[in-house]
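Listed here are the chains, written in short residue letters.
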Amino acid sequence: MSLDNLISDHIEARLQTTYTSIPAQVVSVGVNDYGRTIVNVQTGVNRITQDGRAYEDQVIEGVPILWPSSGGCFITC
């Protein structure tokens, strides 16, 4: 195995566990030390290992909530 293949395989393996967006359920809502709204979430997708076992991810804590705004107007839900 060449160094190029080793690096490519490692990058590919890491990309398979990297998410840019994923469905999740809000577990709790809070405010951080700076007055910003944060949530703790549980992902809605189970991970499956190479031997076929499935398991849930742990709760992701302190996810910031972004409230879109521009020109003095805000979008809230």
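Residues numbered from 1 in each chain as written. Predicted model: local features only at pLDDT ≥ 70, side-chain atom pairs only at ≥ 80, totals over all residues. Heavy atoms only, no water.

Points about a nonpolar patch on the surface
Rule in force here: Each patch is built from residues that are more than 30% exposed by relative accessible area and take part in no salt bridge. Like charges join if they lie within 9 Å; nonpolar side chains (Val, Leu, Ile, Met, Phe, Trp, Tyr) join within 5 Å. Each accessible area is a Shrake-Rupley result for a 1.4 Å probe, and residues are judged covered by the shown protein chains and nothing else. By definition, a salt bridge exists where a carboxyl oxygen of Asp or Glu is found within 4 Å of a side-chain nitrogen of Lys or Arg. To qualify as a helix, a DSSP run of H or I must reach at least 4 residues; to qualify as a strand, a run of E must reach at least 2; elements of each kind are numbered from the N terminus. Relative accessibility under 20% of the residue-type maximum defines a buried residue, over 50% an exposed one, and the middle range a partly exposed one, all with a 1.4 Å probe and only protein chains included.
Together, Met1, Leu3, Leu6, Ile7, Ile11 and Leu15 make up an exposed nonpolar region whose accessible area comes to about 660 Å². In this fold, Leu15 is placed in helix H1 (residues 3–15). Note on Leu15: relative accessible area 53%, which makes it exposed.

Details of the confidence of the model for the chain
Quick reminder of the rule: pLDDT gives the predictor's per-residue confidence on a scale running from 0 to 100.
Taken as a whole, the chain shows an average pLDDT of 87; of its residues, 99% reach a score of 70 or greater. For the chain, strand S3 (residues 47–48) is the element with the lowest average pLDDT, namely 80, and strand S1 (residues 24–31) is the one with the highest, namely 94.

Structural notes on the pairing of strand S2 (residues 37–43)
Here is the rule we go by: Note on pairing: DSSP must find at least two bridges between two strands before they are called paired.
Burial within S2 is extensive, with 5 of its 7 residues counted as buried. Pairing of S1 with S2 involves 7 bridges; the strand directions are antiparallel. Across the sheet, residue Ser28 finds its bridge partner in S2, namely Asn40. Connecting the antiparallel pair S1 and S2 is a turn made up of 5 residues, with Gly35 showing a positive phi of about 80°. The pairing of S2 with strand S5 (residues 60–64) spans 3 bridges and is antiparallel. Residue Val41 lies in a different strand from S5, and its bridge partner there is Ile60.

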